[in-house]
Amino acid sequence: MPAFNPHLDVWLILGSAVAAYLVWARRHERDTGEVTTPRVRRLFLAGMAVLFIGSVWPLHDLAERTWYTAHMVQHLLYTLVAPPMLVAGIPAWMWRKALAPAWAERAWRTITRPVIATLIFNGVLLITHWPLIVDTAVVHEPLHFLLHVALVASAIVMWWPIMSPLPELPPLTPPVQMLYLFIQSLVPMVPASFLTFAHQPLYRVYETFPRVLGISALTDQLVAGLSMKLLGTMIFWAFMTVIFFRWERRERVDGWDALALRDVAADLRAGADR
C-alpha cells in the first residue's frame with residue numbers, strides 16, 4: 001500500500017466547488033424563493049464525493065504508483081459514475097446562469113448533440129489510454145490533472161442527452177436514449193480489447209513500479225482491460241434497464257401515445273444529420 005498522502009490540493013479544489021455550489025444555491029433561494037431540492041443537492045454532493053474518492057489516497061496513489069487496474073477504476077468513476085450525478089445534481093436555474101451568454105448556450109447546444117458528444121467523449125477516452133500519453137502523464141502531475149479534467153468534462157457532455165434538466169435543451173426520448181447508451185457501450189471495447197489480448201505490457205511506466213501481491217504488469221493490464229469492458233458495460237446497461245422500465249411504466253400508466261413516435265423519429269433524424 002502506498003504511503004499516506006493527504007492530497008490537500010484535492011481537498012481545496014473539490015471543497016471550493018462544493019462550497020461555491022451551496023452558497024450560490026442559498027443566495028438564489030434567498031433572492032428568488034426558488035429552492036434547490038434535497039434530492040438534487042444530494043446528487044451533486046454524491047457526484048463530488050465520487051470524484052473525491054477517485055482523487056485521494058489510496059486509489060489515486062495506487063493508480064499512479066502501483067496498478068493500472070486502479071487507474072482504470074479511477075477513470076470509470078470519473079466518466080460513468082460521477083458525471084451523471086453531477087449533471088442531474090446541478091439545478092436548471094444554475095445551468096441557465098452558466099449558459100446565459102449567447103455564445104455559451106450555442107456552444108453547449110452544439111457539443112451536446114448526440115453524435116458530437118459521442119465523438120468528443122470517445123475521442124478523449126481513446127487519447128487518455130494511448131500508451132505514450134499514459135506513460136507521460138503518470139510521471140507528470142500537471143498533465144495527469146488536465147487529462148482527468150478532460151475526462152470528467154467530456155463525460156458530462158456525453159451524459160447530457162440522457163440527464164439534461166433543461167426543457168429548452170431536453171434529453172432524448174427513451175428509445176433513443178437506450179440506442180445512444182448502447183453505442184457508448186461499444187466504443188470502449190476497442191481499447192479494452194487491446195489491453196485484454198496484448199501479449200506484453202503496453203504501458204512501460206507500470207513495469208517500473210514495485211509489483212504488489214505478486215501481480216505482474218501484464219496480469220494487471222489484463223484485469224484493467226476486463227474491468228473497463230465488464231464494469232463499463234454493466235453501468236451502461238444498468239442505465240438502459242432503468243430507462244426501459246421507467247418508459248414501460250409511463251406507457252402503462254398514461255397509455256400508449258402514437259404521437260410520441262414523432263419525437264423518437266425527430267431524435268433519430270437529428271442524430272443522423274449531426
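The following refers to the structure shown. Everything numeric here is computed off the predicted structure, so don't read it as measured data.

Observations regarding the overall build of the chain
Next, step 1: Regarding its fold elements, the chain presents 14 helices and zero strands.
Next, step 2: Helices (α) and strands (β) of the chain occur, in sequence order from the N terminus, as α-α-α-α-α-α-α-α-α-α-α-α-α-α.
Next, step 3: For the chain, whose C-alpha radius of gyration is 20 Å, the value lies close to the compact-globule estimate of 19 Å for 274 residues.
Next, step 4: Looking at the chain as shown, the accessible area adds up to about 14500 Å², and 71% of this sits on carbon and sulfur atoms.
Next, step 5: Between the centroid of the 22 positive side chains of the chain and the centroid of its 19 negative side chains there is a distance of 4 Å.

Some remarks on a nonpolar patch on the surface
Next, step 1: Residues Leu 179, Phe 182, Ile 183, Leu 186, Met 189 and Trp 237 make up a contiguous nonpolar surface patch of roughly 500 Å² in combined accessible area.
Next, step 2: For the nonpolar patch, the element with the highest residue contribution is helix α10 (residues 174–186), accounting for four residues.
Next, step 3: Note that Leu 186 resides in helix α10.
Next, step 4: Among the residues examined, Leu 186 registers a relative accessible area of 38% and is labelled partly exposed.

Examining the nonpolar core
Next, step 1: Counting 67 residues, the largest nonpolar core has Leu 51, Tyr 68, Leu 80, Trp 108, Trp 159, Leu 181 and Tyr 206 as its most contacted members.
Next, step 2: No other element matches the 11 residues that helix α4 (residues 68–89) contributes to this core.
Next, step 3: Sequence-distant contacts of Trp 159, that is, excluding residues within four places in its chain, are made with Thr 79, Leu 80, Pro 83, Pro 84, Leu 181, Phe 236 and Phe 239.

A word on the packing of aromatic side chains
For any pair of aromatic rings, geometry is given as the distance between the ring centres together with the angle between the planes.
Next, step 1: A complete count under the given rule lists 15 aromatic pairs for this structure.
Next, step 2: With centroids separated by 5.4 Å and ring planes inclined at 75°, the aromatic side chains of Phe 4 and Trp 57 adopt a geometry described as edge-to-face. Of the two residues, Phe 4 sits in the segment before α1 (8–32) while Trp 57 sits in the loop between α2 (38–55) and α3 (59–65), which places them 53 residues apart along the sequence.
Next, step 3: Using a relative accessible area of 60% as the deciding quantity, one classes Phe 4 as exposed.
Next, step 4: Cluster of aromatic residues (ring-pair linked, three or more members): Tyr 68, Tyr 203, Tyr 206 and Phe 209.

Details of the packing of α1 against α2
Next, step 1: Two elements in contact, α1 and α2, have axes separated by 10 Å at closest approach and are oriented at 175°. With respect to α2, the element α1 is oriented roughly antiparallel. Contacts between α1 and α2 involve Val 10, Trp 11, Leu 14, Ala 17, Val 18, Tyr 21 and Leu 22 from the former and Val 40, Arg 41, Phe 44, Leu 45, Met 48, Leu 51, Phe 52 and Ser 55 from the latter.
Next, step 2: The class makeup of the residues in the contact of α1 with α2 is 13 nonpolar, one polar and one charged.

Considering the packing of helix α8 (residues 131–139) against helix α9 (residues 141–163)
Next, step 1: Where α8 contacts α9, the axes come no closer than 5 Å and their chain directions differ by 120°. In this view, α8 runs oblique relative to α9, as classed from their interaxial angle. For the element pair α8 and α9, the recorded crossing hand is left-handed. Contacts between α8 and α9 pair Ile 133, Thr 136, Ala 137, Val 138 and Val 139 from the former with Glu 141, Leu 143, His 144 and Leu 147 from the latter.
Next, step 2: Per-class residue counts for the contact of α8 with α9 are six nonpolar, two polar and one charged.

A short note on the side chain of Gln 74
Next, step 1: Along the chain, Gln 74 falls in helix α4.
Next, step 2: In contact with Gln 74, other than residues within four places in its own chain, are Gly 54, Leu 59, His 60, Ala 63 and His 148.

A look at the environment of Pro 188
Next, step 1: Turning to its location among the elements, Pro 188 is positioned in the loop between α10 and α11 (189–197).
Next, step 2: The sequence separation of Pro 188 and Thr 208 amounts to 20 residues, and the corresponding C-alpha distance is 26 Å.
Next, step 3: Non-local contacts of Pro 188, meaning those with residues more than four positions away in its chain, are made with Asn 122, Leu 125 and Met 228.

Rules of the game
Residues numbered from 1 in each chain as written. Predicted model: local features only at pLDDT ≥ 70, side-chain atom pairs only at ≥ 80, totals over all residues. Heavy atoms only, no water. Helix = DSSP H or I, 4+ residues; strand = E, 2+ residues; numbered from the N terminus. Rg over C-alpha atoms; globule rule 2.2 N^0.38 Å. Areas by Shrake-Rupley, 256 points an atom, 1.4 Å probe, with all protein chains shown as cover. Lys, Arg positive; Asp, Glu negative; His and termini not counted. Charge placed at Lys NZ, Arg CZ, Asp CG, Glu CD. Patch = residues over 30% accessible without salt bridge, like charges linked within 9 Å, V, L, I, M, F, W, Y side chains within 5 Å. Salt bridge = Lys/Arg side-chain N within 4 Å of Asp/Glu carboxyl O. Buried < 20%, exposed > 50% of the residue type's maximum accessible area, 1.4 Å probe, protein only. Core = buried A, V, L, I, M, F, W, Y, C linked by side-chain atoms within 4.5 Å. Contact = heavy atoms within 4.5 Å. Phe/Tyr/Trp six-rings, centres within 6.5 Å; stacked < 30°, edge-to-face > 60°. Axes fitted to C-alpha atoms, helices over the stretch in contact; angles between N-to-C directions. Parallel < 35°, antiparallel > 145°, perpendicular 65-115°, else oblique. Nonpolar A, V, L, I, M, F, W, Y, C, P; charged D, E, K, R; others polar. Left-handed = near helix turned anticlockwise from the far one by under 90°.

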